[in-house]
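Listed here are the chains, written in short residue letters.
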Amino acid sequence: MTQEQWTAVDRYFTDLLVPSDPALDTALQTSAAAGLPPHNVSPNQGKLLLLLAQIQGARSILEIGTLGGYSTIWLARALPSDGRLITLEADPKHAEVARANIAHAGLSKLVDLRLGQALSTLPQIAAENQGPFDLIFIDADKPNNPEYFAWALKLSRRGSLIIADNVVRNGAVIDAASSDPSVQGVRRFNRLLAEVGKRVRGKGKRNKKTFPL
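Participant: Where do I start with the side chain of serine 71 in this structure?
Facilitator: Summarising the element assignment, serine 71 is placed in helix H4 (residues 70-76). Given the relative accessible area of 5%, serine 71 is considered buried. Only 2.5 Å separates the side chain of serine 71 from the side chain of glutamate 63, close enough to count as a polar contact. When neighbours within four sequence positions are excluded, serine 71 is seen to be in contact with Val41, Leu49, Glu63 and Phe137.

Structural data, given as structure tokens:
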């Protein structure tokens, strides 16, 4: 399948199954107008996140990587009225745009946006005893994916769902000699994921569910 065909198929399912939504559309528009990189999840991926959070029955969610808040809105909509979502963003401009988008979607009471490098804010969250989280979504800088995953394991429980985005890198993930830090970060993440899986299988039980997307 060519990239053109893939894009057309993706658009077909999005148009059919993900109706236009004013708050989500605005989040994308304001993010683009502010010059944020176009690294949001796609609409059908956003709906998948919503469905996974609902199936999980999530009441507490941790998101590592906010960008403009597009995925944050999808995830927060899955929460009950007394749920909570903590989202981590390192860039002040991104955080400002995200806060406005989250407020426009009417979700400010559910979302706690923490500004700062995630590897600094994650220990603070642990120190505050904020965990364990029912669902953790990792979608930040890829070189640090292994460290984010390690923290996700610490902040989860048996039955928690951990989702990591962008782990294929357009196929570059298979290139062991790649000089791209993002590719190498994802490769280290995948090795860590495999090691955790082996340990869990060795114990004969499943503690956490992790799905690379």
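The rest of the description comes next.
Participant: Which parts of the structure should I look at to understand unusual backbone geometry?
Facilitator: Of all residues except glycine, most have a negative phi; of all peptide bonds, most are trans. Residue proline 132 follows glycine 131 across a cis peptide bond; omega there is 0 degrees. By secondary structure assignment, the location of proline 132 is in the loop between helix H6 (118-127) and strand S4 (135-138). In this structure, leucine 67 takes a positive phi of about 55 degrees despite not being glycine. Among the structural elements, leucine 67 can be located in the loop between strand S1 (60-64) and H4. A positive phi angle, near 60 degrees, is found at asparagine 129, a position not held by glycine. Note that asparagine 129 resides in the loop between H6 and S4.

Participant: I'm lost on the packing of H6 against helix H7 (residues 145-154) in this one. Help?
Facilitator: Two quantities define a packed helix pair, namely the angle between the axes and the distance from one axis to the other. At a closest axis distance of 11 Å, the pairing of H6 and H7 adopts a crossing angle of 5 degrees. Classed by the angle they form, the pair H6 and H7 counts as roughly parallel. For the pair formed by H6 and H7, the contact residues are Ala118, Leu119, Leu122, Pro123 and Ala126 on the first element and Glu147, Tyr148 and Trp151 on the second. When its residues are assigned to classes, the contact of H6 with H7 shows seven nonpolar, no polar and one charged.

Participant: I'm lost on the nonpolar core in this one. Help?
Facilitator: Nonpolar side chains tend to gather and get buried jointly when the protein is soluble and globular. Judged by nonpolar contacts, the single largest core of 30 residues is most densely connected at Ile61, Leu75, Leu107 and Leu135. Taken together, the elements giving at least two residues each to this core come down to helix H2 (22-33), helix H3 (43-56), H4, helix H5 (92-104), strand S3 (111-115), S4 and strand S5 (161-164). Sorting elements by how many residues they give to this core places H4 first, with five residues. When neighbours within four sequence positions are excluded, leucine 135 is seen to be in contact with Leu52, Ala53, Ala58, Ser60, Ile61, Leu62, Leu75, Leu161 and Ile163.

Participant: Before we go on, may I ask you to explain the pairing of strand S2 (residues 84-89) in this structure?
Facilitator: Residues in a regular strand point their side chains to alternate faces of the sheet. Counting buried positions along S2 gives five out of six residues, so the element sits mostly inside the fold. Bridge analysis of S1 against S2 gives five bridges, and the strand direction is parallel. Pairing of leucine 62 across the sheet is with isoleucine 86, part of S2. Taken together, S1, H4 and S2 constitute a β-α-β crossover, and its handedness is right-handed. Relative to S3, S2 runs parallel, the two sharing five bridges. Counted as the bridge partner of glutamate 89 is leucine 115 from S3.

Participant: How do you make sense of H3 when you look at a structure like this?
Facilitator: Three or four residues apart is the spacing at which side chains of an α-helix point the same way, because the helix has 3.6 residues per turn. A rise of 1.5 Å per residue sets the reference length of H3, with its 14 residues, at 20 Å; its end C-alpha atoms lie 20 Å apart and thus fit the reference within 8%. Among all positions in H3, only Gly46, Leu49, Leu50, Ala53 and Gln56 are buried. All buried residues of H3 lie within an arc of 135 degrees about the axis, which places them on one face of the element. Looking one or two residues past H3, glycine 57 carries a phi angle of roughly 70 degrees, positive in sign.

Criteria and thresholds
Residues numbered from 1 in each chain as written. Predicted model: local features only at pLDDT ≥ 70, side-chain atom pairs only at ≥ 80, totals over all residues. Heavy atoms only, no water. Helix = DSSP H or I, 4+ residues; strand = E, 2+ residues; numbered from the N terminus. Buried < 20%, exposed > 50% of the residue type's maximum accessible area, 1.4 Å probe, protein only. Polar contact = N/O pair within 3.5 Å; in protein donor to acceptor, adjacent residues only side chain to side chain. Contact = heavy atoms within 4.5 Å. Axes fitted to C-alpha atoms, helices over the stretch in contact; angles between N-to-C directions. Parallel < 35°, antiparallel > 145°, perpendicular 65-115°, else oblique. Nonpolar A, V, L, I, M, F, W, Y, C, P; charged D, E, K, R; others polar. Core = buried A, V, L, I, M, F, W, Y, C linked by side-chain atoms within 4.5 Å. Pairing = 2+ DSSP bridges. Right-handed = clockwise from strand over helix to strand, strands pointing away. Expected span 1.5 Å × (residues − 1). Arc of directions from axis to C-beta.

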